[in-house]
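Analysis of the macromolecular model
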Amino acid sequence: MWRRVASLSALISSTSNRCFLDQVAYRMSTCKLFSSEVKENPLTLKDLFITFVLGGPGSGKGTQCAKIVETFGYVHLSAGELLRREIASNSEYGSMILNTIKDGKIVPSEMTVRLIQKEMELSNNHKFLIDGFPRNEENRIAFETIIGADPDIVLFFNCPEEEMVKRVLNRNQGRVDDNIETIKKRLKVFKASNLLVVDYYSDKGKLFEIDATGTEEEIFERVRPVFAAFQV
Ligand SMILES: Nc1ncnc2c1ncn2[C@@H]1O[C@H](COP(=O)(O)OP(=O)(O)OP(=O)(O)O)[C@@H](O)[C@H]1O
Ligand SMILES: O=c1ccn([C@@H]2O[C@H](COP(=O)(O)O)[C@@H](O)[C@H]2O)c(=O)[nH]1
Ligand SMILES: [Mg+2]
(Lines give C-alpha, C1' and ligand atoms only; values in the text may rest on other atoms or scores of the structure.)
(Ligands and ions follow the chains in the order given, each with its own letter.)
Protein backbone atom coordinates (compact mmCIF):
# COMPACT_ATOMS: atom_id res chain seq x y z
CA MET A 1 0.00 0.00 0.00
CA TRP A 2 2.83 2.38 0.87
CA ARG A 3 4.38 1.67 -2.48
CA ARG A 4 1.14 2.65 -4.18
CA VAL A 5 0.82 5.83 -2.09
CA ALA A 6 4.46 6.73 -2.76
CA SER A 7 4.03 6.32 -6.50
CA LEU A 8 0.87 8.41 -6.36
CA SER A 9 2.85 11.30 -4.81
CA ALA A 10 5.40 10.98 -7.62
CA LEU A 11 2.60 11.18 -10.15
CA ILE A 12 1.14 14.24 -8.42
CA SER A 13 4.40 16.17 -8.60
CA SER A 14 5.06 15.25 -12.22
CA THR A 15 1.66 15.87 -13.75
CA SER A 16 -0.05 18.95 -15.06
CA ASN A 17 -3.42 17.74 -13.75
CA ARG A 18 -2.58 18.52 -10.13
CA CYS A 19 -6.03 19.64 -9.11
CA PHE A 20 -7.71 16.29 -9.72
CA LEU A 21 -4.84 14.29 -8.25
CA ASP A 22 -4.66 16.56 -5.19
CA GLN A 23 -8.30 15.74 -4.59
CA VAL A 24 -7.65 12.00 -4.90
CA ALA A 25 -4.76 12.26 -2.46
CA TYR A 26 -6.88 14.29 -0.06
CA ARG A 27 -9.67 11.72 -0.18
CA MET A 28 -7.18 8.92 0.45
CA SER A 29 -5.69 10.74 3.43
CA THR A 30 -9.12 11.27 5.00
CA CYS A 31 -10.28 7.70 4.38
CA LYS A 32 -9.81 5.49 7.51
CA LEU A 33 -8.01 2.75 5.60
CA PHE A 34 -5.32 5.10 4.35
CA SER A 35 -5.08 7.76 7.04
CA SER A 36 -2.49 5.98 9.21
CA GLU A 37 -0.56 4.76 6.16
CA VAL A 38 0.12 8.02 4.31
CA LYS A 39 3.66 8.54 5.49
CA GLU A 40 7.10 7.79 4.23
CA ASN A 41 7.89 4.09 4.46
CA PRO A 42 11.65 3.50 4.68
CA LEU A 43 11.11 -0.03 3.37
CA THR A 44 10.07 1.32 -0.05
CA LEU A 45 13.67 2.44 -0.50
CA LYS A 46 14.93 -1.13 -0.25
CA ASP A 47 14.70 -3.76 -2.93
CA LEU A 48 13.22 -6.29 -0.51
CA PHE A 49 13.49 -10.06 -0.85
CA ILE A 50 11.12 -11.63 1.64
CA THR A 51 10.90 -15.32 2.52
CA PHE A 52 8.19 -16.61 4.83
CA VAL A 53 9.30 -19.75 6.68
CA LEU A 54 6.36 -21.92 7.69
CA GLY A 55 5.94 -25.30 9.39
CA GLY A 56 4.49 -26.83 12.52
CA PRO A 57 5.87 -26.42 16.03
CA GLY A 58 9.27 -28.12 16.21
CA SER A 59 9.51 -28.74 12.47
CA GLY A 60 12.96 -27.12 12.50
CA LYS A 61 12.27 -23.63 11.13
CA GLY A 62 14.64 -21.84 13.52
CA THR A 63 17.38 -24.45 13.06
CA GLN A 64 17.29 -24.20 9.27
CA CYS A 65 17.02 -20.40 9.31
CA ALA A 66 20.32 -20.24 11.23
CA LYS A 67 21.96 -22.26 8.43
CA ILE A 68 20.42 -20.07 5.70
CA VAL A 69 21.72 -16.94 7.48
CA GLU A 70 25.21 -18.44 7.71
CA THR A 71 25.31 -19.59 4.07
CA PHE A 72 23.29 -16.97 2.22
CA GLY A 73 23.47 -13.83 4.39
CA TYR A 74 19.79 -13.31 5.20
CA VAL A 75 18.39 -11.58 8.29
CA HIS A 76 16.38 -13.99 10.44
CA LEU A 77 13.27 -12.57 12.09
CA SER A 78 11.41 -15.13 14.18
CA ALA A 79 7.94 -13.76 14.97
CA GLY A 80 7.74 -15.96 18.09
CA GLU A 81 11.13 -14.68 19.25
CA LEU A 82 10.07 -11.04 18.74
CA LEU A 83 6.96 -11.72 20.83
CA ARG A 84 9.02 -13.40 23.57
CA ARG A 85 11.34 -10.36 23.54
CA GLU A 86 8.32 -8.10 23.94
CA ILE A 87 7.27 -10.10 27.03
CA ALA A 88 10.80 -9.87 28.48
CA SER A 89 10.88 -6.09 27.92
CA ASN A 90 7.93 -5.61 30.31
CA SER A 91 5.86 -4.07 27.56
CA GLU A 92 2.27 -3.17 28.41
CA TYR A 93 1.19 -6.01 26.11
CA GLY A 94 3.52 -8.53 27.79
CA SER A 95 0.92 -10.38 29.85
CA MET A 96 -1.54 -10.59 26.94
CA ILE A 97 1.20 -12.04 24.72
CA LEU A 98 2.36 -14.46 27.42
CA ASN A 99 -1.15 -15.79 28.01
CA THR A 100 -1.72 -16.17 24.27
CA ILE A 101 1.52 -18.11 23.83
CA LYS A 102 0.81 -20.34 26.85
CA ASP A 103 -2.56 -21.09 25.31
CA GLY A 104 -1.03 -21.87 21.89
CA LYS A 105 -3.16 -19.19 20.26
CA ILE A 106 -2.23 -16.40 17.83
CA VAL A 107 -1.42 -12.87 18.97
CA PRO A 108 -3.41 -10.05 17.25
CA SER A 109 -1.91 -9.47 13.83
CA GLU A 110 -1.08 -5.78 14.08
CA MET A 111 1.09 -6.37 17.16
CA THR A 112 3.23 -8.99 15.39
CA VAL A 113 3.45 -7.09 12.11
CA ARG A 114 4.58 -3.89 13.87
CA LEU A 115 7.36 -5.81 15.63
CA ILE A 116 8.49 -7.32 12.32
CA GLN A 117 8.24 -3.93 10.60
CA LYS A 118 10.44 -2.28 13.24
CA GLU A 119 13.17 -4.91 12.77
CA MET A 120 12.99 -4.67 8.98
CA GLU A 121 13.33 -0.90 9.12
CA LEU A 122 16.30 -1.08 11.49
CA SER A 123 18.16 -3.58 9.33
CA ASN A 124 20.69 -2.56 6.69
CA ASN A 125 20.00 -5.79 4.85
CA HIS A 126 17.24 -6.30 2.27
CA LYS A 127 16.90 -10.12 2.45
CA PHE A 128 14.63 -11.35 5.23
CA LEU A 129 13.58 -14.75 6.55
CA ILE A 130 10.34 -14.24 8.43
CA ASP A 131 10.05 -17.37 10.55
CA GLY A 132 6.74 -18.64 11.98
CA PHE A 133 4.63 -15.98 10.27
CA PRO A 134 1.97 -15.58 8.87
CA ARG A 135 0.09 -18.11 10.99
CA ASN A 136 -3.38 -17.37 9.66
CA GLU A 137 -5.14 -15.45 6.90
CA GLU A 138 -5.55 -12.37 9.09
CA ASN A 139 -1.77 -12.29 9.71
CA ARG A 140 -1.13 -12.59 5.99
CA ILE A 141 -3.46 -9.74 5.07
CA ALA A 142 -2.14 -7.52 7.89
CA PHE A 143 1.43 -7.97 6.59
CA GLU A 144 0.41 -7.11 3.02
CA THR A 145 -1.48 -4.04 4.24
CA ILE A 146 1.01 -2.65 6.75
CA ILE A 147 4.31 -3.55 5.06
CA GLY A 148 2.92 -3.15 1.55
CA ALA A 149 4.74 -6.22 0.26
CA ASP A 150 4.21 -9.90 -0.50
CA PRO A 151 6.76 -12.64 0.12
CA ASP A 152 8.93 -13.51 -2.86
CA ILE A 153 9.06 -17.16 -1.79
CA VAL A 154 7.61 -19.31 1.00
CA LEU A 155 9.29 -22.35 2.57
CA PHE A 156 7.16 -25.00 4.22
CA PHE A 157 8.88 -27.53 6.46
CA ASN A 158 6.69 -30.61 6.34
CA CYS A 159 7.26 -32.86 9.33
CA PRO A 160 5.23 -35.73 10.85
CA GLU A 161 3.37 -34.76 14.02
CA GLU A 162 5.03 -37.32 16.29
CA GLU A 163 8.49 -36.11 15.23
CA MET A 164 7.53 -32.46 15.93
CA VAL A 165 6.23 -33.39 19.39
CA LYS A 166 9.42 -35.34 20.16
CA ARG A 167 11.64 -32.43 19.08
CA VAL A 168 9.68 -29.82 21.06
CA LEU A 169 9.67 -31.94 24.24
CA ASN A 170 13.44 -32.40 23.93
CA ARG A 171 14.16 -28.73 23.16
CA ASN A 172 15.00 -27.78 26.72
CA GLN A 173 15.16 -24.01 26.24
CA GLY A 174 12.71 -23.17 29.02
CA ARG A 175 9.93 -22.04 26.69
CA VAL A 176 6.53 -21.73 28.41
CA ASP A 177 4.85 -23.45 25.45
CA ASP A 178 7.14 -26.51 25.35
CA ASN A 179 4.80 -28.79 27.29
CA ILE A 180 2.44 -31.44 26.02
CA GLU A 181 -0.79 -29.51 26.76
CA THR A 182 0.32 -26.41 24.83
CA ILE A 183 1.84 -28.49 22.03
CA LYS A 184 -1.52 -30.20 21.45
CA LYS A 185 -3.19 -26.79 21.20
CA ARG A 186 -0.48 -25.45 18.87
CA LEU A 187 -0.89 -28.46 16.60
CA LYS A 188 -4.66 -27.84 16.41
CA VAL A 189 -4.09 -24.17 15.49
CA PHE A 190 -1.43 -25.23 12.97
CA LYS A 191 -3.86 -27.57 11.20
CA ALA A 192 -6.82 -25.19 11.37
CA SER A 193 -5.10 -21.91 10.41
CA ASN A 194 -1.46 -22.21 9.30
CA LEU A 195 -2.16 -24.78 6.61
CA LEU A 196 -4.64 -22.43 4.92
CA VAL A 197 -1.79 -19.95 4.45
CA VAL A 198 0.43 -22.71 3.08
CA ASP A 199 -2.29 -23.59 0.55
CA TYR A 200 -2.69 -19.93 -0.38
CA TYR A 201 0.99 -19.61 -1.34
CA SER A 202 0.96 -22.98 -3.06
CA ASP A 203 -1.85 -21.70 -5.30
CA LYS A 204 0.24 -18.58 -6.01
CA GLY A 205 3.18 -20.77 -7.11
CA LYS A 206 5.43 -19.37 -4.38
CA LEU A 207 5.67 -22.44 -2.14
CA PHE A 208 8.75 -24.63 -1.67
CA GLU A 209 7.82 -27.67 0.38
CA ILE A 210 10.75 -29.25 2.20
CA ASP A 211 10.75 -32.73 3.71
CA ALA A 212 11.74 -31.87 7.31
CA THR A 213 12.69 -35.41 8.35
CA GLY A 214 16.27 -36.62 8.72
CA THR A 215 19.29 -34.88 10.15
CA GLU A 216 19.67 -31.08 10.20
CA GLU A 217 22.35 -31.39 7.51
CA GLU A 218 20.21 -33.59 5.27
CA ILE A 219 17.36 -31.11 5.50
CA PHE A 220 19.65 -28.18 4.74
CA GLU A 221 20.80 -29.94 1.54
CA ARG A 222 17.12 -29.77 0.44
CA VAL A 223 16.93 -26.08 1.36
CA ARG A 224 20.22 -25.02 -0.24
CA PRO A 225 19.14 -25.26 -3.91
CA VAL A 226 16.15 -23.01 -3.27
CA PHE A 227 18.36 -20.13 -2.10
CA ALA A 228 21.10 -20.91 -4.59
CA ALA A 229 18.50 -20.29 -7.30
CA PHE A 230 17.62 -16.88 -5.83
CA GLN A 231 20.99 -15.12 -5.53
CA VAL A 232 19.68 -11.66 -4.66
N1 LIG B 1 16.51 -32.50 11.90
C2 LIG B 1 16.41 -32.50 13.20
N3 LIG B 1 16.49 -33.65 13.90
C4 LIG B 1 16.37 -33.66 15.25
N5 LIG B 1 16.20 -32.58 16.00
C6 LIG B 1 16.09 -31.40 15.35
C7 LIG B 1 16.19 -31.29 13.93
N8 LIG B 1 16.06 -29.99 13.58
C9 LIG B 1 15.88 -29.31 14.72
N10 LIG B 1 15.91 -30.14 15.78
C11 LIG B 1 15.72 -29.79 17.18
O12 LIG B 1 14.31 -29.75 17.40
C13 LIG B 1 13.96 -28.67 18.24
C14 LIG B 1 12.99 -27.77 17.48
O15 LIG B 1 13.68 -27.14 16.40
P16 LIG B 1 13.41 -25.61 16.04
O17 LIG B 1 13.44 -24.80 17.29
O18 LIG B 1 14.35 -25.26 14.95
O19 LIG B 1 11.93 -25.75 15.50
P20 LIG B 1 10.88 -24.60 15.12
O21 LIG B 1 10.19 -25.05 13.90
O22 LIG B 1 11.54 -23.27 15.10
O23 LIG B 1 9.89 -24.72 16.35
P24 LIG B 1 8.90 -23.60 16.97
O25 LIG B 1 7.83 -23.38 15.98
O26 LIG B 1 8.37 -24.29 18.19
O27 LIG B 1 9.73 -22.40 17.27
C28 LIG B 1 15.25 -27.98 18.64
O29 LIG B 1 15.67 -28.48 19.89
C30 LIG B 1 16.24 -28.41 17.54
O31 LIG B 1 17.58 -28.47 18.01
O1 LIG C 1 3.22 -14.72 14.17
C2 LIG C 1 3.18 -15.28 15.28
C3 LIG C 1 4.20 -16.08 15.76
C4 LIG C 1 4.09 -16.67 17.00
N5 LIG C 1 2.99 -16.47 17.75
C6 LIG C 1 2.87 -17.06 19.09
O7 LIG C 1 4.15 -17.44 19.59
C8 LIG C 1 4.20 -18.85 19.81
C9 LIG C 1 5.57 -19.38 19.55
O10 LIG C 1 5.91 -19.15 18.19
P11 LIG C 1 7.13 -19.92 17.52
O12 LIG C 1 7.14 -19.55 16.06
O13 LIG C 1 6.87 -21.36 17.68
O14 LIG C 1 8.37 -19.49 18.21
C15 LIG C 1 3.07 -19.42 18.94
O16 LIG C 1 2.57 -20.67 19.35
C17 LIG C 1 2.02 -18.32 19.08
O18 LIG C 1 1.35 -18.43 20.31
C19 LIG C 1 1.97 -15.68 17.27
O20 LIG C 1 0.95 -15.49 17.95
N21 LIG C 1 2.08 -15.10 16.06
MG1 LIG D 1 11.21 -21.49 16.19
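My aim in this report is to walk through the structure given alongside it, one point at a time. What you are looking at is a predicted structure, and each value in this text was computed from that prediction instead of being measured.

This part is about the environment of R140. Examined against the element boundaries, R140 turns out to sit in helix 8 (residues 137-147). Between the C-alpha atom of R140 and that of M111, which follows or precedes it by 29 residues, the distance is 13 Å. In this structure R140 touches P134, V197, Y200 and Y201, once residues within four positions along its chain are discounted. Reaching out from R140, the side chain makes a polar contact with the side chain of Y200 at a distance of 3.2 Å.

Inspection of the region around ligand 1 gives 16 residues, with G58, K61, T63, R171 and G214 positioned closest. The backbone of G58 places a nitrogen or oxygen atom 3.0 Å from an oxygen atom of ligand 1. Within the side chain of T63, one N or O atom sits 2.5 Å away from an oxygen atom of ligand 1. Considering ligand 1 on its own, with 630 Å² of exposed area, one finds that the protein chains cover 79% of that surface. Those elements giving two or more residues to the shell around ligand 1 turn out to be helix 4 (61-72) and helix 11 (216-228). Broken down by element, the residue count for the shell around ligand 1 peaks at three residues, all from helix 4. Of the residues that constitute the shell around ligand 1, the class distribution is two nonpolar, eight polar and six charged.

Parameters at a glance
Residues numbered from 1 in each chain as written. Chains lettered and ligands numbered in written order. Predicted model: local features only at pLDDT ≥ 70, side-chain atom pairs only at ≥ 80, totals over all residues. Heavy atoms only, no water. Helix = DSSP H or I, 4+ residues; strand = E, 2+ residues; numbered from the N terminus. Contact = heavy atoms within 4.5 Å. Polar contact = N/O pair within 3.5 Å; in protein donor to acceptor, adjacent residues only side chain to side chain. Near = heavy atom within 4 Å. Areas by Shrake-Rupley, 256 points an atom, 1.4 Å probe, with all protein chains shown as cover. Nonpolar A, V, L, I, M, F, W, Y, C, P; charged D, E, K, R; others polar.

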